[in-house]
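Close look at the chain arrangement
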Amino acid sequence: MKPYIGILIDSFWEAINNRVLWALLICWSILLAILAPFGYITERSFTLITADINNRAGLVEKIDQAAKGNGSKSVQAVVTQLDAAFVKRVQKSLKDDDIRVRSSELAEELNKALKSPDIYTEEAFPTAKKRKKLQPLIEMGPEERDEEDNEELNRKLMQLAFPLELAENFGERLSIGYAGFSFASLPFTRRTAREFLEPTILQFIVKFGLGVIAVFIAIIVTSPIIPDTFKSGSLHLLLSKPISRVLLYLSKFFGGTIFVLVNITYFLVGLFLIAGIRFEMWNPGLLYCIPLLVFVFVIFYSISGHIGLIWGNAIVCVVACMLFWFCCFCLGFARNNMRPFIEIFPQINKVAKIEDDVTAVTNLGEFQVWNSDFSVWQPAIASNGPGSQQRTFGPIYDEKRKKIFTKSFMQNPFGGGVFARSRAVNVIDLNNEEGSEPKSEPANEKEDEAESDSDVNTDVETDAGKEEGVEPSPNQEKSETTTSEQESEEPEEKPNESPAEAPEDDLEEEESLADQDRPTSIFEAQFKPHWNYDEGPEIPAQCFNLAEMNGDIVAICRSGFYRLDMEKLDTIEAGEKALFGLLKLTNLVGNAGFEKVTPDGFILSENSSPSVTAEGDAIVVHSKEKLDLLEYREGKFTITKSHSFPAEEEKDEDPTEDPQTVIRMNKNFCVMATEGQPLELFDRDLKPVGQIEWDEKREIKQMRWQPDSNRLSIVLHSGELLFLDCDSQEIGEYDLPLAELVTCINWTDTNTAWVGCRPDSVHLVDFSQDNVLESYTPESSIFGMIYDWAIKPLYTVLPKPAALDEAMLYLLTGKDTQSVTPGSGSIGATKMELSIWPPILSNLAFVAFILMLSCIHVARKEF
Amino acid sequence: MVDMNDSPAIDVKNLQKEYREGLISRTRFHALRGIDLTVRRGEVFGLLGPNGAGKTTLIKILLGIVRKTGGQAQLLGDSAGSRRARKKIGYLPENLNFPAHHTATRALQLYGRLSYVPDAKIREKSTELLDLVGLSGREREYVRKYSKGMRQRLGLAQALLHDPELLIMDEPTDGLDPVGRSEIRQLITYLRDEGKTVFLNSHILQEVELVCDRVAILAKGKLLGVGTPKELTSQFFAGQSGRVRMEVSGSVEAMQKLQEQSNFQSIPLPESGLYQVSSSADDQQEVDKLIDHARGLGISIHKLERTSLTLEEVFLSAIQSYESQDN
C-alpha cells in the first residue's frame, strides 16, 4: 500500500499548497470569529415580559373582579398595588371595545407592583409560608429584604394569585447575546431551542455553509486534479511505476477529498467548540457530520473525476457536476415537497365508525369521512384551512342525540401552541345535518389552546400549552369581548358565509339543495365537506382535549375538568328551534355550556399528562411530582388515589424541559411511558408493580387498551404495532394480516380493531382470525400517481446527495424522526421518519458504480 | 532453467501494434509491424526513426502503457509491462511535467514511494542523486521555477532513485542547450560505466552516435537495421565507409563534365564562386583517381578533406532506400 499512501500524502501537500484552501480557511476563521461571541445569556430576573402573560382575558377579568372587591384575597392583594388609573382602564376595557389593554401593558404594570414591599400578608397568602422557597423570604421581613428578594417574593406571590394567567417564573430569563450584550429575550424555553432551533440553525450552517458552498468551491478547486494527472506529461511517468492503474486512480481520487476534509474539519471543529462553549451544546453530531459532508463531496467528485478521465478538461468537469447537481436538486425538490402531502400528512391518526360512516382524523388534523362512491376520503366538515397543520379534538359521537362533537385548532408552525378563530365546539347533528350549509368558523378571532392528542372516544394526553391572546367570538355576549394584541397575525377571510349572517329565507331552499350538494366527481369528493356543523358552546381556555365519559363530554383543561351540560344544550336547542326554527347555539350557549366539575383549587400544571381510563370512569393525571386518579361519579370528579414520586430537590427550572410522558389506565393497570425511560406499571391503586425496559429509539406514537384485557397495544412512529401484556409484563408483536405499516389503532371489541395503515388506508381487522374484515384504501390522486410512478422510482434509483440532509439531522439531533410540528410537546405529534440509511446506501451504490466505470476506463485505456 | 541475469535487457520478437480509431468506422493503423530487437545488458542502445516510425509506441509497450496486438516483448526476463519488469526500470519521459506543488525533494519522495523505495533510502539517495544531476542546494525550490534542463535532470534523478537495471530515456536532451546536452551525455556515459543498460530514444543523431554502442533504425513500424554505426554503414552503403570532399573552382562546362563522368555531387558555395563536391572513396587510390580526373578537366582544387560516413547519412540513406522500396 506504500505507493498509494504516498499518493495520498502527496495529495495532502497539494491541498496545503493550494491558495484557495488558505483563502477558505481564512473565511471560515472570520465566520467562526463572528459566530463565537453569540451565546445564551441567562439573567436572574423576576420581571414579566409580554410572553409571560398566558391568559390576558383571564387576567383582565380577575383584575376587574378584585377591583370590585370580589375574587380571592391574593388577587386583591396584588391588584391593590397596581396603579389605580390602570385598573380603571382595565375595567373600562371590558365594557368599551375601543379601549384595549395589551399584554405588554399588563406586564409593565405588574412589574411596577413587583417592587412593592407590601404585597405579602398572611391573610392574603395563607399557604405561602409553607413553601420552601418562600418561607425564608417571608421570614426576612420587608426591612431585611433587598430589592431582588422583594421581586422574587412578589413574583412568586403573583404566581399564586394568577396560576393560570401568568407563566411560571424560574428566576431566569433566557436571551440571545452577543459579546456579553443581551439583545433579544427568547420567548421559548431551552428545550424548544435545543429540540428545534439549535438543530435547525446548525443544520442550516452545516448544510449551506459546508454542504453547498464549501462543496462547490471544492469541486471547482479539485476539478483539475484528475485531468492533470492523466495528461501525458506526468501520466506516462506514473504508469511506468510498478503500481496498479486502478489503485492509482482511486488514490488520486481520494487524495482529492483531502482538500474538503481539511476545510470541513477545520470549520466543524470550530463550530463544535463555539456551540459547546457558548451554548453549552456539546453536540458530537457536528463532528460526525465531517465524514457525511466529505461523502457529499465524493458523490459530486466521482462525476467530476469520471468526466475528467474521459474529456481531460476541468471546465467540462465543473459543468457536468453542475448539471448533475441540478438534476438531483429538481428530483429531490419534487420528492421532498410532494412526500409530506402524499405519504405523511394523509396518514390516519384516529379512526372510528360513526353510524354507517367510517371517519378518520389524519396527521394533518383533518377530520374525514369515507366516500364509498368514489373511494376517497372526503372532508367531514369545512376545515380551518385546507392543507394547514391542525390539532383536532374528538370527534366524539353521542349516539343518543346522534351528534358528533369535534374541534380543530390550527397548529403554530413554530411550536408552542394552537389557535383558532373561535373556540366554539363544532356540533354535527346527524338528525338534521342536511338542514344547514357547510360553513367555516367566524373570522377575526384567535385562541391559543393547549395542544393535545386524543382518541376518538376517550383517551387524552400531553402537556398544556400557552394561551397567547384570547378573543371571544363576535357572536358571544358583549361582556366577554376583549381585544387581542396579536390581531395582526390572524385575520382570515371566511370561506363561507355563517348561517348567523345568512338570510333565514334561504335555509329551506338550501335543505332541498342538500342532496344535490353531494359530490359528483372524485375531485369534488376530495374537497367538498360531507357534513354541515354548527357552533356549540366554547371550549374553556387551555384545553388538553375533549373526552367522552359515561355519556358526558368533558373538556380537560389546565384550570380543571369541564362537563358539557348536554341537557341544557338539548333544552336550548329545542327552545331555539321552537322559537325560530333555526340552529343558533352559539349565541345562546357560549361558555355556559361547560360546567366545572373538579374540586376547587384543582389545576393542572403545564407539563401534566391527563388520560381518561379505558372504561371512561376516571381520569388519571401525571405531573412531575405525582400521579392522581380522579374518579367521575354523578357528574363530579374526586381524587381517589394518588402516588407521589420520590421527591427531588426543589429546583427552579423550566418544567417543559422534562421529558414527555403518555399515560394509559384500565381497570387493573396504569402504564406510564416517558421519553427515554423504561415503561412504568402501576396497579389501579397507583402502586408501582414493575418496570419494563424500553429501547429509546422505539418512539411511541399511540397506546390503546385492548378491551376486556390487560393488553396495551402500542403504535410506534416507525409503523410497528406492539403490545404490552401487563400481567406477564412482556412486550410482544401482533400477528397482523397486513403488510403495511400501522399508523393508529382503535379497538371495537376484544379481538377486532380499526387499523390505520400507511399512507391513508384503514382496515377492520379481526385479530383472532388474522382476517381483514373491511378495507378502505383510497384511489390515488393524479399527484399521488405522479409521485408513486415517476418521482418515487426515479428518486429511489438515482443518487440523492440532498437526501443526506436527513442523515445530517439525525446526527445533529440523535433522533430518527422529525416532528412536523416542532415544540408541540406531545409524544403522539405527527413525526416524519427520517430517511437515514436509504440515501446513504443509494449514494454509496452510485459512487461505487461511477468509480467502477472510471476504473474500467483507466484499466482499459491506452494513454 | 534460464538464468534471469543472462537474459537480455530488452528482447522483442515479432512485436506488432495496431491502433483502431473512430467509434463507427474503426480505421486501423499499424504502428509496429513485427519488430525483432534485442538489447544486451550493459550497453547504451539508441532507437532512431522519423516521426511516426513507432518509437514511442515501442517504448509504451515496453512500459506497459499500451498493449501489444501481437508478438512478444520481455524486459530483463519479465514480460514487458508487468509490475515485476517495471520495478527494474527507470523511465525518463519526454516533456516531463512535475505537479506545481513539488519541490525536488517532494518529487523524489513521491516517485521513490511509487517505486517501493523505503523512506530512509529515498532521503539518502536523494542527496546523492541531486548532487549527481547538479541540483544540490536547489532541492527546496518549487519545480515550477526550474528551467527545462533542470527539470530534465530532476527527471533523470527520479528515474535512478530505485537503482534500476535498465534506464529508458525518451528524448532526454530535447530542448536543452549545448551545455545541458553535454551534461546528459556525460551522465549516460557514467551510467554505462556503472553497468546500467540505457535505452535511448532521440532525434539528435549526433548524440546517439556519440554515446550509443548500438543503434536501431525504425521507419513506419518496421525495423530497418540494428547494429553499431559501422555495421549500419556497411549495411546501407554496401561496405563504403569513406568519403572525399573538395572545394573547387572551374568553368561551368568543366563542373558539368565532372558530375557526369564521375559520382561527384556538387553544391555551389555562396559568394565565393566555389563549388563543394563530394564522392565516396574508401582508399588512397580512389582519392588519387578523383583528383586526377578533376585536374584533367581544368578544375582547381582549393580544399580537400577525407571523412567517414556519419550516422545521419546512414540514417537518411536507410530511410530513403526503405521509402523507395515501399513505394
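Our structure is the block above this text.
Summary of the structure given here.

**Regarding the nonpolar core**
Leu-62 and Ile-168 of chain B are the most contacted members of the largest nonpolar core, which totals 93 residues. No other element matches helix H3 (residues 104-114) of chain B, which puts 6 residues into this core. Residues Val-351, Tyr-533, Phe-561 and Leu-627 of chain A belong to the second largest nonpolar core, which totals 86 residues.

**Some points on unusual backbone geometry**
The omega torsion across Arg-758 of chain A and Pro-759 of chain A is -5 degrees, close enough to zero to call that bond cis. Among the secondary structure elements, Pro-759 of chain A is positioned in the loop between strand E33 (752-757) and strand E34 (761-766). Positive phi is not limited to glycine here, since Asp-770 of chain A has a value of about 50 degrees. Structurally, Asp-770 of chain A is set in the loop between E34 and strand E35 (771-776). The backbone of Lys-220 of chain B sits at a positive phi, close to 50 degrees, despite the residue not being glycine.

**Some points on the sheet that holds strand E18 (residues 560-564) of chain A**
All names here are of chain A. Strand order in the open sheet formed by 4 strands is E16-E17-E18-E19, and the pairing between neighbours is antiparallel. In this open sheet, the two edge strands, each paired with only one partner strand, are strand E16 (543-549) and strand E19 (594-596). On average, adjacent strands in this sheet sit at an angle of 30 degrees to one another, irrespective of strand direction. Of the strand pairs in this sheet, E18 and E19 are connected by 3 bridges, and their pairing is antiparallel. The residue bridging Arg-563 from the neighbouring strand is Glu-595, located in E19.

**Digging into the sheet that holds strand E5 (residues 78-79) of chain B**
Residues and elements named next belong to chain B. Within the open sheet, the 4 strands sit side by side as E2-E1-E4-E5. Their pairing is antiparallel. Edge positions in the sheet fall to strand E2 (27-39) and E5, since each of these pairs with one other strand and no more. Inspection of the sheet shows strand E1 (residues 10-21) paired to E2 by 10 bridges, in the antiparallel sense. Note that in E2 the partner of Leu-15 across the bridge is Ile-35.

**Examining the packing of helix H13 (residues 285-311) of chain A against helix H14 (residues 314-344) of chain A**
All names here are of chain A. One way to put it is that H13 packs onto H14 with a least axis distance of 8 Å and a crossing angle of 140 degrees. Put simply, H13 runs oblique to H14. Considering the relative orientation of H13 and H14, their crossing is right-handed. Side by side, H13 and H14 meet where Phe-300, Ile-303, Ser-304, Ile-307, Gly-308 and Trp-311 of the first sit next to Ala-314, Val-316, Cys-317, Ala-320, Cys-321, Phe-324 and Trp-325 of the second. By residue class, the composition of the contact of H13 with H14 is 11 nonpolar, 2 polar and no charged.

**Regarding the environment of Ile-319 of chain B**
As for its position among the elements, Ile-319 of chain B is in helix H11 (residues 311-326). As a C-alpha pair, Ile-319 of chain B and Lys-220 of chain B span 99 residues in sequence and 9.6 Å in three-dimensional space.

**So, the packing of helix H12 (residues 245-279) of chain A against helix H21 (residues 837-860) of chain A**
Residue and element names in this part refer to chain A. It is the contact of H12 with H21, at a shortest axis distance of 8 Å, that shows an interaxial angle of 130 degrees. Relative to H21, the element H12 lies oblique. Viewed along their axes, H12 and H21 form a crossing whose handedness is right-handed. Residue-level inspection shows Arg-245, Val-246 and Tyr-249 of H12 in contact with H21, the latter providing Ser-854, Cys-855, Val-858 and Ala-859. Its residues placed into classes, the contact of H12 with H21 shows 5 nonpolar, 1 polar and 1 charged.

Rules used in this analysis
- What you see as residue numbers is a count from 1 along each chain, following the sequence as written.
- For naming, the first written chain is A and the first written ligand is 1, with later ones following in the order written.
- Confidence filtering applies because this is a predicted model: local features only for residues at pLDDT of at least 70, side-chain atom pairs given and counted only at 80 or more, and all residues used for totals across whole chains, interfaces and linings.
- We call a set of buried Ala, Val, Leu, Ile, Met, Phe, Trp, Tyr and Cys residues a nonpolar core when their C-beta atoms link them within 7 Å.
- To sort residues by exposure, count the other C-beta atoms lying within 10 Å of each residue's C-beta; 20 or more gives buried, 12 or fewer gives exposed, and values between give partly exposed, all with C-beta atoms placed from the backbone.
- Labels follow the DSSP assignment, with helices taken as runs of H or I lasting at least four residues and strands as runs of E lasting at least two, numbered in each case from the N terminus.
- Two strands make a pair as long as DSSP finds a minimum of two bridges between them.
- To get an axis, fit a line to the C-alpha atoms, keeping to the stretch in contact for a helix; angles then go from 0 to 180 degrees between the N-to-C directions.
- Angles are sorted into four bins: roughly parallel if under 35 degrees, roughly antiparallel if over 145, roughly perpendicular if 65 to 115, and oblique for all others.
- By convention, the crossing between two helices is left-handed when the near helix turns anticlockwise from the far helix through less than a right angle, and right-handed when the turn is clockwise.
- Residue pairs are scored as contacts if the distance between their C-beta atoms, which are placed from the backbone, is within 7 Å.
- Residue polarity follows a fixed list, in which Ala, Val, Leu, Ile, Met, Phe, Trp, Tyr, Cys and Pro are nonpolar, Asp, Glu, Lys and Arg are charged, and the others, Gly among them, are polar.

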